[in-house]
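Chains, contacts and geometry: an overview
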Amino acid sequence: MKTKKTIKGKLLTAISPERVLFLDPGYLVISEDGNIEDVCKEIPTGGEQDPEYYDLSDKLICPGFVDIHNHLPQFTLSGLYRGNLFEWLSDIVFPAEGRFSSPEVAERFAERFFQELLSKGTTTTSSYVTSHKEATDIAFQCAEKSGIRAFLGNVLMNQNAPDYLIKDTPILLRDSEELIEKWEGHDNGRLRYVLTPRFAPSCSFDLLQGIGKIAKKRGVHIQSHLAESKAEIATVMDIFPDLENYTDVYFKAGLLTEKTIAAHCIYLNEGEIEILKKTGTKVSHCPSSNRFLQSGIMPYRKLEKSGIPIGLGTDVGAGYSLSMFSEMREAIESSKTIHFLDTSAVYNPLTSIEAFYLATLGGAKALTIEDETGSLEQGKSADFSVIDIAQLNVCNENFFSNPEDLISKLIYSNGENYIEEVYIKGKLVYKK
Ligand code: GUN
Ligand code: ZN
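In this structure, the largest pocket occupies an estimated 400 Å³ of space. K2, D33, I424, K425 and K427 are, among the 20 residues lining the largest pocket, the residues nearest its centre. Looking at the lining of the largest pocket, the elements with two or more residues in it are helix 5 (186–189) and strand 16 (427–431). Its residues assigned to classes, the lining of the largest pocket shows four nonpolar, six polar and ten charged. In this structure, the second largest pocket is lined by P287, N290, R291, G296, I297, M298, E330, E333, S334 and T337. Elements that contribute at least two residues to the lining of the second largest pocket include exactly helix 10 (287–292) and helix 12 (324–341). Ranked by residue count, the leading element in the lining of the second largest pocket is helix 12, at four residues. Counted by class, the lining of the second largest pocket contains three nonpolar, four polar and three charged residues.

With that settled, the discussion passes to the side chain of S202. With respect to the helices and strands, S202 occurs in the loop between strand 9 (191–197) and helix 6 (205–218). Not counting the four nearest positions on each side in its chain, S202 is found in contact with L156, M157, N158 and Q159.

This next bit is on the coordination of the zinc ion (ligand 2). Every protein donor of the zinc ion (ligand 2) is accounted for by H69 (NE2), H71 (NE2), H225 (NE2) and D315 (OD), and the metal-donor separations fall at 2.0 to 2.2 Å. Taken together, the four donor atoms surrounding the zinc ion (ligand 2) define angles of 88 to 163° at the centre, an arrangement classified as irregular. Here the donor residues of the zinc ion (ligand 2) share one chain and are spaced in sequence as H-x1-H-x153-H-x89-D. Using a relative accessible area of 1% as the deciding quantity, one classes H69 as buried.

To continue, consider the pattern of salt bridges. The final tally for this structure, using the stated rule, is 26 salt bridges. A salt bridge links K302 to E270, with the nearest nitrogen and oxygen atoms 3.9 Å apart. In this pair, K302 is assigned in helix 11 (residues 300–305) and E270 in helix 9 (residues 270–279), connecting sequence segments 32 residues apart. Where salt bridges share partners, they join R149, R192, E372 and D383 into one cluster.

A few words on the sheet that holds strand 16. One open sheet holds the seven strands; their spatial order is 3-2-1-4-14-15-16, and the pairing between them is mixed. Strands with a single pairing partner mark the edges of an open sheet, and in this sheet they are strand 3 (36–40) and strand 16. Within the sheet, the average angular offset between the axes of one strand and its neighbour, ignoring direction, is 35°. Two elements, strand 15 (residues 419–424) and strand 16, share four bridges in a ladder whose sense is antiparallel. Bridging across to strand 16, E421 finds its partner in K431.

Attention shifts here to helix 12. The end-to-end C-alpha distance of helix 12 is 26 Å, a good match for the 26 Å that 18 residues give at a rise of 1.5 Å each. Of all the residues in helix 12, the buried ones are M324, F325, S326, E327, M328, E330, A331, I332, S334, S335 and I338.

Moving on to the site of ligand 1. Surrounding ligand 1, one finds 13 residues, the nearest of these being H71, Q74, R198, E228 and D315. In the model, a nitrogen atom of ligand 1 is placed 2.8 Å from a nitrogen or oxygen of the D315 side chain. Its atoms largely coinciding with the cavity grid, ligand 1 occupies the largest cavity. Examining the composition of the shell around ligand 1, we find that three residues originate from one element, helix 1 (residues 85–98), more than from any other. Tallied by class, the residues present in the shell around ligand 1 amount to five nonpolar, five polar and three charged.

Once that is clear, we can look at the pairing of strand 9. Each regular strand carries side chains that alternate between the two faces of the sheet. A large share of strand 9 lies buried, amounting to seven of its seven residues. A two-sided burial pattern is seen for strand 9, the buried positions comprising L191, Y193, L195 and P197 on one face and R192, V194 and T196 on the other. Direction of pairing for strand 7 (residues 149–153) relative to strand 9: parallel, over a ladder of three bridges. Bridging across to strand 9, A150 finds its partner in L191. By the bridge criterion, two bridges tie strand 8 (residues 155–156) to strand 9 in an arrangement that is parallel. Bridge pairing in strand 9 links V155 to T196. Here strand 9 pairs with strand 10 (residues 221–226) via two bridges, running parallel. What sits directly across from L195, in strand 10, is I222.

It is worth spelling out empty space enclosed by the protein at this point. Under the definition given, this model contains five cavities of 30 Å³ or more. As a volume, the largest cavity reaches approximately 100 Å³. For the largest cavity, the lining is made up of 13 residues, of which L85, W88, L89, H225 and E228 are closest to its centre. The dominant element in the lining of the largest cavity, judged by the number of residues it contributes, is helix 1, at three residues. Taken together, the residues of the lining of the largest cavity sort by class into six nonpolar, four polar and three charged. Looking at the second largest cavity, its volume works out to about 50 Å³. Taken together, P197, I222, S224, Y250, L255, L256, T260, I261 and A262 make up the lining of the second largest cavity. Secondary structure elements with two or more residues in the lining of the second largest cavity: strand 10 and strand 11 (260–264). With three residues, the single largest contributor to the lining of the second largest cavity is strand 11.

So, about the packing of aromatic side chains. Counted by the stated rule, this structure contains eleven aromatic pairs. Ring geometry for F113 and F114: centres 5.5 Å apart, planes at 65°, overall edge-to-face. Judged by centre distance (4.7 Å) and plane angle (10°), the rings of F384 and Y423 are stacked. Here the residue F384 occupies a position in strand 14 (residues 384–387), and Y423 occupies one in strand 15, the gap between them amounting to 39 residues. Judged on exposure class, the residue F384 and its partner Y423 are both buried. Grouped by ring-pair contacts, the aromatic residues F75, F113 and F114 constitute a single cluster.

About the cut-offs
Residues numbered from 1 in each chain as written. Chains lettered and ligands numbered in written order. Predicted model: local features only at pLDDT ≥ 70, side-chain atom pairs only at ≥ 80, totals over all residues. Heavy atoms only, no water. 1 Å grid on protein atoms, 1.4 Å probe; cavity = no way out; pocket = protein on both sides within 12 Å on 5 of 7 lines; lining within 4 Å. Points joined across faces, edges and corners; volume = space filled by probe spheres on them. Helix = DSSP H or I, 4+ residues; strand = E, 2+ residues; numbered from the N terminus. Nonpolar A, V, L, I, M, F, W, Y, C, P; charged D, E, K, R; others polar. Contact = heavy atoms within 4.5 Å. Donors = N, O, S within 2.8 Å, 3.2 Å for Na, K, Ca; no water. Tetrahedral: all angles 85-135°; square planar, octahedral: opposite > 155°, others 65-115°. Buried < 20%, exposed > 50% of the residue type's maximum accessible area, 1.4 Å probe, protein only. Salt bridge = Lys/Arg side-chain N within 4 Å of Asp/Glu carboxyl O. Pairing = 2+ DSSP bridges. Axes fitted to C-alpha atoms, helices over the stretch in contact; angles between N-to-C directions. Expected span 1.5 Å × (residues − 1). Near = heavy atom within 4 Å. Polar contact = N/O pair within 3.5 Å; in protein donor to acceptor, adjacent residues only side chain to side chain. Sits in = over half its atoms within 2 Å of the grid points. Phe/Tyr/Trp six-rings, centres within 6.5 Å; stacked < 30°, edge-to-face > 60°.

Structure below.
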């Protein structure tokens, strides 16, 4: 039976890139249908008598993380290095994705992938599956069972990849339509379909245009890679010599919308940034991956100043961990590298609060689901983690009164190791 829950704990949630709300103690009241009814300083009348009242005064309650860019089939190959993006794709990634033609492989890996995300406190993911329709359908089924909030898409490719991964345009578009029909908005919007052209080199222009038309007709999200490496950009300009730049390829195909997530965006000129801004496109910052493949460093402040909404993506398996604590750390450290190289104020390093914002509310905004999740706020789904911060190695008791220090300590202490429980829609989905 579903009952109302009241949880007492140290509540921490981002309000903006500069501000958090920290209540110690605070009370999180969750309705029977799994939504946040109240976030307050005083215990609600009768709260202690709730059939489900939990006193977690020593624990931190924080919103579930939102990982806006990763690859489900690459989870087991993270950490395997082969030089730059193209070598890594052809030597490591494509053969691994090919194995997803087996439904048994697809199921085993999808189950583990979602379990791993939940154990690290990620309650929303936007994931690329493979070009197999059946593997994508299986991924949806596994996500449905696991309780996670997920955007999933079959990877769309019709050129410049092994034969076993490419399909003809009409088949790809039909696969997408059928998966949209079956899964888009499933379970009150917990599961969404996302159109997933891998990147411009692996898609002909007619395929990109076809995807743009479906996005418009169905109102679904789009995700792709953009300007990740210099070699990739040179390849795109070879394939599409008549177009102005990489961003122009997606723009002319009708792929840049308010529901589009472009990952990496390291090498964009002012005109390209302007197009992203004008079209409402969102950016996934993937600092671990950018370093791992030596792709470059995304100029975070430049994109942020332009007003483009940004979230964080682990980009596993070029990223090497599904932990958003790890990704926050990389975001801060890579911004320090940029600042070191150019000390002008515009490149001030990210603060821990900014990183926390990107990993939670910023990610939800990038996916246009900030009304549903991303922070502890009345009316949103109760998607949160319980973290045993008493286990953190700290120097004094007052430490816990400073949320900025607390976030920083968690980021630099592999905070995922202290996660005890994870809830989505008020329902326990992971317990250590
Ligand atoms: N560009 C095209 N495909 C991929 C991928 O799988 N990972 C990364 N990091 N970049 C890509
Ligand atoms: Zn990626």
